[in-house]
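# Observations on the model geometry
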Amino acid sequence: PNQTFEQFKSATLDRVSKTLVADLKFLIDGLKKENKKVAIMVYGIGNVEEYILHSRPIGDKLHAQNSKLYPASQEPVYSQCPSLRPENRANLIEMYRAMSQKLQSSVNDYLAKTNLPSNIRVEYSGALDNLEYGNPENLNAIDGWHLSTRGKNVGAQTIFKTSAQALGFLGF
């Protein structure tokens, strides 16, 4: 409760790294018993800066012009998630950037220390880090925070395009 942002960030990133590595170990230990090719893709958080600095203000502006658009986009969300308030968004962006970097370094460190069987491939992808959410149609029409079906499709297409090596490894 009395933590500084830096203390909170450090503790959270440490927890994320330990959890990711433990989950990878558990998953891979189980897969070692299988005689199938498996590709595990770990993705970064996504382009949170684009989303928060560009898409969210568009959603807020549209809500101000027409309250039927993004009706849950203001105070109810802010009271439940204070980190989403405009005055807290810089820390939120910093946290997500650090989170993606930690995911990537955790995967790389794990791979450097682990001798994977030839039928298992683990890879980090930062493909979502460059995803552009600038179009408000990519936001959920109710809350203006989560992705709409269109936004999810944009993300899925990005993931699919960047999965070529993993799909090739699997024989596709």
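Everything in this summary refers to the structure shown in the same document. Sequence order sets the numbering: in each chain, residues are counted from 1 along the sequence as written. Side-chain atom pairs in this predicted model are given and counted only at pLDDT of 80 or more, local residue features only at pLDDT of at least 70, and totals for whole chains, interfaces and linings cover all residues. Side-chain metrics rest on all non-hydrogen atoms present in the structure, leaving aside hydrogens and water.

### What about the overall build of the chain?
By definition, any uninterrupted DSSP run of H or I lasting at least four residues is a helix, any uninterrupted run of E lasting at least two residues is a strand, and each is numbered from the N terminus. For the chain, the count of helices and strands is six helices and two strands. For the chain, the α and β elements follow one another from N to C terminus as α-β-α-α-α-β-α-α. If you line up the chain on its principal axes, its C-alpha atoms span 60 × 45 × 20 Å. Here the chain, with 172 residues, has 38% of them falling under the buried criterion. Burial classes: relative accessible area under 20% of the type maximum marks a residue as buried, over 50% as exposed, and values in between as partly exposed (1.4 Å probe, protein chains only).

### Things to note about the packing of helix 2 (residues 48-65) against helix 4 (residues 89-113)
Helix axes are fitted only over the stretch in contact, all axes being lines through C-alpha atoms; the angle between N-to-C directions runs from 0 to 180 degrees. Running from N to C, helix 2 and helix 4 point in directions that differ by 145°, and their axes come no closer than 9 Å. Judged by residue contacts, V48, E49, I52, L53, R56 and D60 of helix 2 engage R89, L92, I93, Y96 and R97 from helix 4. Residue polarity follows a fixed list, in which Ala, Val, Leu, Ile, Met, Phe, Trp, Tyr, Cys and Pro are nonpolar, Asp, Glu, Lys and Arg are charged, and the others, Gly among them, are polar. Class assignment of the residues belonging to the contact of helix 2 with helix 4 gives a composition of six nonpolar, no polar and five charged. Two residues qualify as a contact provided that any one of their heavy atoms is within 4.5 Å of a heavy atom in the partner residue.

### A few points about the pattern of salt bridges
Any carboxyl oxygen of Asp or Glu that lies within 4 Å of a side-chain nitrogen of Lys or Arg is treated as forming a salt bridge with it. Summed over all chains, the structure comprises eight salt bridges. Among the ionic pairs, E6 bridges to K9, the shortest N-O distance being 3.5 Å. With E6 and K9 both in helix 1 (residues 5-31), this residue pair falls three residues apart, about one helical turn. The class of E6 is partly exposed, set by a relative accessible area of 46%. The class for K9 is buried, based on a relative accessible area of 13%. The partner of E94 in a salt bridge is K9, with the nearest N and O atoms 2.7 Å apart. One end of the pair, E94, is in helix 4; the other, K9, is in helix 1, and 85 residues separate them in sequence. Given the relative accessible area of 28%, E94 is considered partly exposed. When salt bridges with common partners are traced through the structure, they connect E6, K9 and E94 into a single cluster.

### A closer look at the side chain of T12
Turning to its location among the elements, T12 is positioned in helix 1. Look at T12 and you get buried, because its relative accessible area is 10%. In protein, a polar contact requires one atom able to donate a hydrogen and another able to accept it; more generally it is a pair of N or O atoms within 3.5 Å, and residues adjacent in sequence count only if both atoms are side-chain atoms. In this structure the side chain of T12 is engaged in a polar contact, spanning 2.8 Å, whose partner is the backbone oxygen of F8. Beyond its immediate stretch of four places on either side in the chain, T12 contacts M95 and M99.

### A word on the packing of aromatic side chains
Ring pairs shown here join Phe, Tyr and Trp side chains whose ring centres sit within 6.5 Å, with only the six-membered ring taken for Trp; geometry is labelled stacked below 30 degrees between planes, edge-to-face above 60, and tilted in between. Inspection of every chain in the model, using the stated rule, returns zero aromatic pairs. By definition here, charges over rings are those cases where NZ of Lys or CZ of Arg is within 6 Å of the ring centre and within 35 degrees of the ring normal. Directly above the ring of F169 sits K37, whose terminal nitrogen or CZ lies 5.1 Å from the centroid.

### Here we look at helix 4
The end-to-end C-alpha separation of helix 4 is 36 Å, in line with the 36 Å expected for 25 residues at 1.5 Å each. For helix 4, the complete set of buried residues consists of R89, L92, I93, M95, A98, M99, S100, L103, S106, V107 and Y110. Helix span is expected to be 1.5 Å times the residue number reduced by one.

### Some remarks on the packing of helix 1 against helix 4
Interhelical geometry of helix 1 versus helix 4 gives an angle of 35° and a closest axis separation of 9 Å. Here helix 1 runs over helix 4; the crossing is right-handed. Of the residues assigned to the contact of helix 1 with helix 4, the class counts are 14 nonpolar, four polar and five charged. In this scheme the crossing of two helices becomes right-handed for a clockwise turn of the near helix relative to the far one and left-handed for an anticlockwise turn of less than a right angle.

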